[in-house]
Amino acid sequence: MNHATGRTRHQDRVWSVAEHLDDILAKIAPLDPIELQILEAQGCVLVEDITVPVSLPPFDNSSMDGYAVRAADVADATESAPAVLTVIGDVAAGSGELPEIGPGQAARIMTGAPLPPGAEAVVPVEWTDGGSGGGPAATMRAHSAAPQDAAGEVRVHRPAAAGAHIRARGSDVTEGEPALRAGTVLGPSQVGLLAAIGRGTVTVRPRPRVVVMSTGSELVQPGEALGPGQIHDSNSFQLTAAARAAGAIPYRVGAVADDAETLRSTLEDQLIRADILVTSGGVSVGAYDVVKETLTALSADEGAVEFRTLAMQPGKPQGFGLIGPDRTPLLALPGNPVSSYVSFELFVRPAIRALMGLPDIHRPTTPARCTEAIASSPQGKRQFLRGSYDADAGTVTPVGGAGSHLIKAMAHANALIVVPEETTEVAAGAEVDLVLLG
């Protein structure tokens, strides 16, 4: 048996969903770590443990706008018998030189400002007359408008215990504590923490660059008028959005006509910016399926793409291989919109997450009661139907039919209903497994 014959027989067998995914993941390794500025690292996976170099907050500071006082001086304060204190200055956020608070004294202090020496508590301005000599104040007057309020006297109407309205040094985290563990996906809060502890850069696995292209001479850019036999290109937009949602940096390529040489040159051009390539269309058995024609004709030094029949519906025809000098993964998906999206969720999304180095690469799954009967499912194929999942009720309702062109139904689904290979019908009220989307 020669190599070509063996390869054909290998491709002719029917693959299970699990076998195809396992083969993809076995050939994908996480991207090499790089150092990035913290904003550029958003969405990336941290590959180092981060410890806190300095306590947060780094000094005792006020959590209120008010007056820094000694607790004993206001212990007996009431509205009818306020404590009268001498104001010796202002302490604003960022202040360096701080006044020392002695007996009978207070300093006007702003939120976030360091607690001056001698002070034990902060009295909110609303508990005072704000230096006006009248009743309770609602706010402080601006320093530029009333500089005299940084001196004179203030009447305190309520007591404040030691430590009141003070954010103690290290009350958030202390020096040497772990801040973030390797494997953390950096979101806005994590970026904020890194900035707060003074980290400008971190070492991460970068977000994979995913190049998406659809094929078909009938495809027209959205916004352009349709001619006879033409349809708008939805796949490249849908898959680009899906790649972004999976955590990748996506690049959408305009639809490629059904011409093998054009497709080949486009793929070669895109390899330089791709960690993974995703095509849709042209993978079945038609005379104009140029993706299959082009990629099966690759020479040994260009890589190898294998086209397979999977025991699934939708998404039976699939292609996968490593191409180009860097052996970049290429996943060739079918062209029907539902088929391509379901294939993306089952195969491309896990591949993207594996490149990111995430420990959990799969969509969450859950059982649910199916509110409607599923009259028929093909024997020997795993079917993925669109469903509307109600988490509160624990139920799922099929959306649309089984047709792989029903993109409206896909847009109204938040789950895939999984019907196993050996199941040919599902009764209303029966339990099914779901793949949760979004």
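In this text the structure is predicted, and so the values were computed from the model without any measurement. Each residue is numbered by its place in its chain's sequence as written, counting from 1. Thresholds applied to this predicted model are a pLDDT of at least 70 for local features of residues and 80 or more for the giving and counting of side-chain atom pairs; totals over whole chains, interfaces and linings are not thresholded and use all residues. Based on all heavy atoms of the structure, the side-chain values leave hydrogens and waters out of the count.

Turning our eyes to something else, we now look at the overall build of the chain. The secondary structure content of the chain amounts to eight helices and 27 strands. For 438 residues, the compact-globule estimate of 2.2 N^0.38 gives 22 Å, and the C-alpha radius of gyration of the chain, at 32 Å, exceeds that figure by more than 25%. If one aligns the C-alpha atoms of the chain with their principal axes, the spans along those axes are about 100 × 50 × 45 Å. A simple rule labels every residue: compare its accessible area, found with a 1.4 Å probe on the protein chains alone, to the largest value its type can have, and call it buried under 20%, exposed over 50%, or partly exposed in between. Classification of the 438 residues of the chain by burial places 47% in the buried group. Numbered from the N terminus, helices here are DSSP runs of H or I no shorter than four residues, and strands are runs of E no shorter than two. Here the globule rule reads 2.2 Å times residues to the power 0.38, and the radius of gyration is calculated from C-alpha atoms.

Our next topic: the sheet that holds strand β14 (residues 209-215). Between any two strands, at least two bridges found by DSSP are needed for them to pair. Pairing is mixed in the open sheet, where seven strands are placed in the order β1-β19-β21-β22-β18-β14-β17. Whereas interior strands pair on both sides, the edge strands pair on one side only; in this sheet they are β1 (14-15) and β17 (249-256). Sheet topology note: the β1/strand β19 (residues 303-310) ladder contains two bridges and is parallel. Each bridged residue has a counterpart across the sheet, and for Val-14 the counterpart in β19 is Thr-309. A contact between two residues is defined here by any heavy atoms of the two lying within 4.5 Å. Lines are fitted to the C-alpha atoms to define the axes, a helix being fitted only along its stretch in contact, and any angle between axes, read from their N-to-C directions, falls within 0 to 180 degrees. Sheet contacts for helix α4 (residues 235-245): β14, β17, β18 (276-280) and β22 (328-333); angle to β17, the most-contacted strand, approximately 170 degrees.

Before going further, it helps to examine the pattern of salt bridges. Oppositely charged side chains may form a pair once their charged atoms are brought near each other. Any carboxyl oxygen of Asp or Glu within 4 Å of a side-chain nitrogen of Lys or Arg constitutes a salt bridge here. With the rule as written, the count across this model stands at 15 salt bridges. Between Asp-73 and Arg-70 there is a salt bridge, and its shortest N-O distance comes to 3.9 Å. Judged by its relative accessible area of 28%, Arg-70 falls in the partly exposed class. Note that Asp-233 is salt-bridged to Arg-252, the shortest N-O span being 3.7 Å. Remark: Arg-252 occurs in strand β17 and Asp-233 occurs in the loop between β16 (231-232) and α4; sequence separation between them is 19 residues. The network of salt bridges with common partners includes Asp-23, Lys-27, Glu-306 and Arg-308.

A few words on helix α7 (residues 337-356). The axis of α7 is deflected most strongly, by about 45 degrees, at Phe-344. Extensive coverage of α7 is indicated by the burial of 20 of its 20 residues. Of the residues one or two after α7, Gly-357 is the one with positive phi, at around 80 degrees. Here the bend at each residue means the angle between axes fitted to two seven-residue stretches, the one ending at that residue and the one beginning there.

Once that is clear, we can look at the packing of aromatic side chains. To pair, rings of Phe, Tyr and Trp, with the six-membered ring standing in for Trp, must have centres within 6.5 Å; the planes then decide the type, stacked if under 30 degrees apart, edge-to-face if over 60, and tilted in the middle. Counted under the stated rule, the structure contains zero aromatic pairs. The criterion is that NZ of a Lys, or CZ of an Arg, lies within 6 Å of the ring centre and within 35 degrees of the ring normal, and then a charge sits over that ring. Against the face of Trp-127 rests Arg-158, its NZ or CZ located 4.0 Å from the ring centre. Over the ring of Trp-15 we find Arg-308, and its NZ or CZ is 3.8 Å from the ring centre.

For the pair helix α2 (residues 17-26) and α7, interaxial distance at closest approach is 10 Å and the crossing angle is 30 degrees. Judged by the inter-axis angle, α2 sits roughly parallel to α7. The hand of the α2/α7 crossing is right-handed. Taking contact as the criterion, the partners of Val-17, His-20, Leu-21, Ile-24 and Leu-25 in α2 are, on α7, Leu-346, Phe-347, Pro-350, Ala-351 and Ala-354. Charged means Asp, Glu, Lys or Arg here, nonpolar means Ala, Val, Leu, Ile, Met, Phe, Trp, Tyr, Cys or Pro, and polar covers whatever is left, Gly included. Here the contact of α2 with α7 is built from residues that sort into nine nonpolar, one polar and no charged. The scheme is simple: roughly parallel for angles under 35 degrees, roughly antiparallel for over 145, roughly perpendicular for 65 to 115, oblique for anything else. In this scheme the handedness of a crossing depends on how the near helix is turned from the far one: anticlockwise by less than a right angle means left-handed, clockwise means right-handed.

In this sheet, strand β27 (residues 431-436) lies alongside strand β23 (residues 365-370) in antiparallel orientation, the contact comprising five bridges. Bridge pairing in β27 links Ala-368 to Val-432.

Now for the sheet that holds strand β8 (residues 105-109). Pairing is mixed across the open sheet formed by five strands, whose spatial order is β9-β6-β8-β7-β10. The sheet is open, and its two edges are formed by β9 (121-124) and β10 (153-156), each paired on a single side. Each strand axis lies, on average, 40 degrees off the axis of its neighbour in the sheet, ignoring direction. As paired elements, strand β6 (residues 66-69) and β9 share four bridges and run antiparallel to each other. When the sheet's bridge partners are listed, Ala-68 is paired in β9 with Val-122.

A word on the confidence of the model for the chain. Taken residue by residue, the chain gives an average pLDDT of 90. The fraction at 70 or more is 95%. When the criterion is pLDDT under 50, residues 1-9 qualifies, and its contacts beyond four places in sequence or with other chains add up to five contacts. Values of pLDDT, the confidence the predictor places in each residue, fall between 0 and 100.

With that settled, the discussion passes to the packing of α4 against α7. It is the contact of α4 with α7, at a shortest axis distance of 10 Å, that shows an interaxial angle of 30 degrees. The orientation of α4 with respect to α7, classified from their angle, is roughly parallel. The element α4 and its partner α7 pack so that their crossing is right-handed. Facing Asn-235, Gln-238, Leu-239, Ala-242 and Ala-243 of α4, the residues of α7 in contact are Pro-337, Ser-340, Tyr-341, Phe-344 and Ile-352. Of the residues assigned to the contact of α4 with α7, the class counts are seven nonpolar, three polar and no charged.

This brings us to unusual backbone geometry. The residue after Leu-56, namely Pro-57, is reached through a cis peptide bond having omega -15 degrees. On the secondary structure map, Pro-57 appears in the loop between β4 (50-51) and β5 (61-62). Following Gln-313, the chain continues into Pro-314 via a peptide bond in cis, with omega recorded as -5 degrees. By the secondary structure assignment, Pro-314 is in the loop between β20 (312-313) and β21 (317-323). Unlike most non-glycine residues, His-165 shows phi in positive territory, near 60 degrees. Along the polypeptide, His-165 turns up in the loop between β10 and β11 (166-167). Using a relative accessible area of 26% as the deciding quantity, one classes His-165 as partly exposed.

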